[in-house]
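Architecture at a glance
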Number of protein chains: 2
Amino acid sequence: MDGTAIHTATRSATDGMQEELFAYISRYMTLTEEEKAAIEALNLFREFPKGTVLLKAGETSDEGYFVMKGCLRTYYMIGGEEKTTAFVTESETLAPPCVAAGGPSELFVACVEDSIIAVSDQRMEREMFERFPRFESLCRILSEQLLAKSQASLDAFKTSTPEQRYLHLLEHRPDLLQRVPLHQLASFIGVTPESLSRIRKRISPGVRH
Amino acid sequence: MDGTAIHTATRSATDGMQEELFAYISRYMTLTEEEKAAIEALNLFREFPKGTVLLKAGETSDEGYFVMKGCLRTYYMIGGEEKTTAFVTESETLAPPCVAAGGPSELFVACVEDSIIAVSDQRMEREMFERFPRFESLCRILSEQLLAKSQASLDAFKTSTPEQRYLHLLEHRPDLLQRVPLHQLASFIGVTPESLSRIRKRISPGVRH
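When you go through chain A residue by residue, the secondary structure sums to nine helices and nine strands. For 209 residues, the compact-globule estimate of 2.2 N^0.38 gives 17 Å, and the C-alpha radius of gyration of chain A, at 18 Å, lies within 12% of that figure. Projected onto the principal axes, the alpha-carbon positions of chain A cover approximately 55 × 35 × 35 Å. Evaluated residue by residue, chain A yields a buried proportion of 46% over its 209 residues. Here chain A has roughly 10600 Å² of accessible surface; of this, 52% comes from carbon and sulfur atoms. Taken as two groups, the 24 positive and 30 negative side-chain charges of chain A have centres that lie 7 Å from each other.

Let us look at unusual backbone geometry. All names here are of chain A. Phi is positive for Ser91, close to 65 degrees, though the residue is something other than glycine. Locating Ser91 in the fold gives a position in the loop between strand 6 (81-89) and strand 7 (93-94). Taking the relative accessible area as the measure of exposure, Ser91 reaches 35% and is therefore partly exposed.

Further remarks concern the sheet that holds strand 8 (residues 108-111) of chain A. Residues and elements named next belong to chain A. A sheet is described by the order of its strands in space; here four strands give the open sequence 3-8-5-6, paired in antiparallel fashion. Each edge of the sheet is formed by a strand with only one pairing partner; in this case those strands are strand 3 (53-55) and strand 6. Neighbouring strand axes in the sheet, compared pairwise and without regard to direction, differ in orientation by 30 degrees on average. Across eight bridges, strand 5 (residues 71-78) lies against strand 6 in antiparallel orientation. Paired with Tyr75 across the strands is Thr84, a residue of strand 6. Contacts from helix 8 (residues 182-189) reach strand 5 and strand 6 within the one sheet, and its direction differs from that of strand 6 by about 90 degrees.

Turning to the side chain of Ser61(B), a few remarks are in order. With respect to the element layout, Ser61(B) can be found in the loop between strand 3 (53-55) and strand 4 (63-69). Non-local contacts of Ser61(B), meaning those with residues more than four positions away in its chain, are made with Leu55(B), Cys98(B) and Val99(B).

We now examine the relation of the copies chain B and chain A. The transformation that overlays chain B on chain A combines an axial shift of 0.0 Å with a rotation of 180 degrees, and the residual RMSD is 0.0 Å. In the structure described here, the two chain copies are related by an operation that fits a two-fold rotation axis. Identified as the residue of chain B closest to the rotation axis by C-alpha distance is Arg140(B), at 2.1 Å. Mapped onto chain A, 100% of the interface residues of chain B are again interface residues, and the two copies thus contact each other with one and the same surface.

What follows deals with the interface of chain B and chain A. Counting from both sides, the interface comprises 30 residues of chain B and, opposite them, 30 residues of chain A. The largest per-residue losses of area from chain B upon contact with chain A belong to Arg140(B), Leu147(B) and Lys158(B), which jointly make up 20% of the total buried on that side. Among the ionic pairs, Arg140(B) bridges to Glu136(A), the shortest N-O distance being 2.6 Å. Broken down by class, the residue content of the side of chain B that touches chain A amounts to 15 nonpolar, eight polar and seven charged.

Our focus in this paragraph is the sheet that holds strand 8 (residues 108-111) of chain B. Residues and elements named next belong to chain B. Across the sheet, which stays open at both edges, the four strands sit in the order 3-8-5-6 with antiparallel pairing between neighbours. Every interior strand has two partners, whereas the edge strands, strand 3 and strand 6 (81-88), have only one. Going across the sheet, the axis of each strand differs from the next one's by a mean of 35 degrees, ignoring polarity. Taken together, the seven bridges between strand 5 (residues 72-78) and strand 6 define a ladder with antiparallel strand orientation. In the sheet register, Ile78 faces strand 6, and the bridge partner there is Glu81. Set on the sheet, helix 8 (residues 182-189) makes contact with strand 5 and strand 6; between it and strand 6 the angle comes to about 85 degrees.

On to the packing of aromatic side chains, then. Aromatic ring pairs are reported here in terms of the distance separating the ring centres and the angle at which the planes meet. All names here are of chain A. Tallying each qualifying case throughout the model produces 11 aromatic pairs over all chains. Centre to centre, the rings of Tyr75 and Phe108 are 5.0 Å apart; their planes meet at 10 degrees, and the pair counts as stacked. Taken together, the positions of Tyr75 in strand 5 and Phe108 in strand 8 put the pair 33 residues apart, joining distant regions of the chain. Residue classification places Tyr75 among the buried residues on the basis of a relative accessible area of 6%. Grouping aromatic residues by their ring pairs yields a cluster made of Tyr24, Tyr28 and Phe66.

This next bit is on the pattern of salt bridges. All names here are of chain A. Tallying each qualifying case throughout the model produces 28 salt bridges over all chains. Close ionic contact of Glu92 with Lys149 constitutes a salt bridge, the shortest N to O distance being 3.4 Å. Placement of Glu92 in the loop between strand 6 and strand 7 and of Lys149 in helix 5 (residues 133-158) is noted, with a sequence separation of 57 residues between them. The exposure class of Glu92 is buried, given its relative accessible area of 18%. Because the salt bridges share partners, they merge into one network encompassing Glu90, Glu92, Glu113, Lys149, Arg173, Asp175 and Arg179.

What counts, and where the lines are drawn
Residues numbered from 1 in each chain as written. Chains lettered and ligands numbered in written order. Predicted model: local features only at pLDDT ≥ 70, side-chain atom pairs only at ≥ 80, totals over all residues. Heavy atoms only, no water. Helix = DSSP H or I, 4+ residues; strand = E, 2+ residues; numbered from the N terminus. Rg over C-alpha atoms; globule rule 2.2 N^0.38 Å. Buried < 20%, exposed > 50% of the residue type's maximum accessible area, 1.4 Å probe, protein only. Areas by Shrake-Rupley, 256 points an atom, 1.4 Å probe, with all protein chains shown as cover. Lys, Arg positive; Asp, Glu negative; His and termini not counted. Charge placed at Lys NZ, Arg CZ, Asp CG, Glu CD. Pairing = 2+ DSSP bridges. Axes fitted to C-alpha atoms, helices over the stretch in contact; angles between N-to-C directions. Contact = heavy atoms within 4.5 Å. Least-squares fit on C-alpha atoms with pLDDT ≥ 70 in both. Buried area = accessible area lost by both parts, 1.4 Å probe. Salt bridge = Lys/Arg side-chain N within 4 Å of Asp/Glu carboxyl O. Nonpolar A, V, L, I, M, F, W, Y, C, P; charged D, E, K, R; others polar. Phe/Tyr/Trp six-rings, centres within 6.5 Å; stacked < 30°, edge-to-face > 60°.

These results come straight from atomic positions and should not be treated as a statement about function.
What follows is the structure in structure tokens.
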């Protein structure tokens, strides 16, 4: 992570975010006041300007990201070109594969927008699991759900055409089409920007691209 | 699951498998005799002939599969055609997404070969976690590793051509090329059987297909 770009999020920017994070966790378990205080003391929130690269290929990391506000993107550099593989937005988790697999990262993680991210590391996790064993139970459940989601995404990608992928985004993630540059979106659904342009024209011929 | 196809694996077929399963778990934690006895008492091993469908689209399930011997395949029925998305072989886990996500399965799971599978369900997991909390820790770690693997597979698929995918299999999973029918392999790497045939000819022109 680029040290110069990291700073603890300012108080005003994260107003209410601690509550939002508790509300998210409360879907899975009711937090005690002691647990809430311990989470708050971790001081998880970090603020990053648009374009910040949080993780580079070749680096190791033990950090996981939970997006409070903004959008992260994972990408690979292949033949000098960026290949975008995922967008991660509010209330979504990004656990870069290198954290569990060990070794250097193959992917990059960058902020598509100004973002506020809850950043946790392995030491924090260990300490919290020791102090509050049921947090490990929570993490197991969340990991299993993320796994189900990742497998479903892989299968959906394998069994669909680029046009079907675009239509799926249009229906389920219309916000992404507004938030993300078209060339990244094209890469994400596995086509060139020109092909994406043709797909968009076919679908809504009146719209300017 | 088709009730007629299920039967507890015979003693001779699973000889030594309990030890293999313990050896696998021992990579992550040293099992006590009490824990080993509890796992053995779960009577996890099931024997399925080639072709058995373990899970159908539309069904719900709370079962996870760990392959002791043989090969499972996940596939979707799309426009009357099977689209294969994964092969799962020895010492690999398959947790169908519907188990964590709830609701009916979108995918099918079938045996590509005669297989012996350790089949666990949510009730077993709950009981084991209650009795041996550190099994939950193990499951968290395994889920995180499966998640890393699933994300890496998704990214690899998105950033590669069918020919690159075939070459990757040739290098890393040559056994699969022997074990799996070519039309399933073609579907798995995202091409028609004819395209796979052309890829194979390009790579090794002397080989008969």
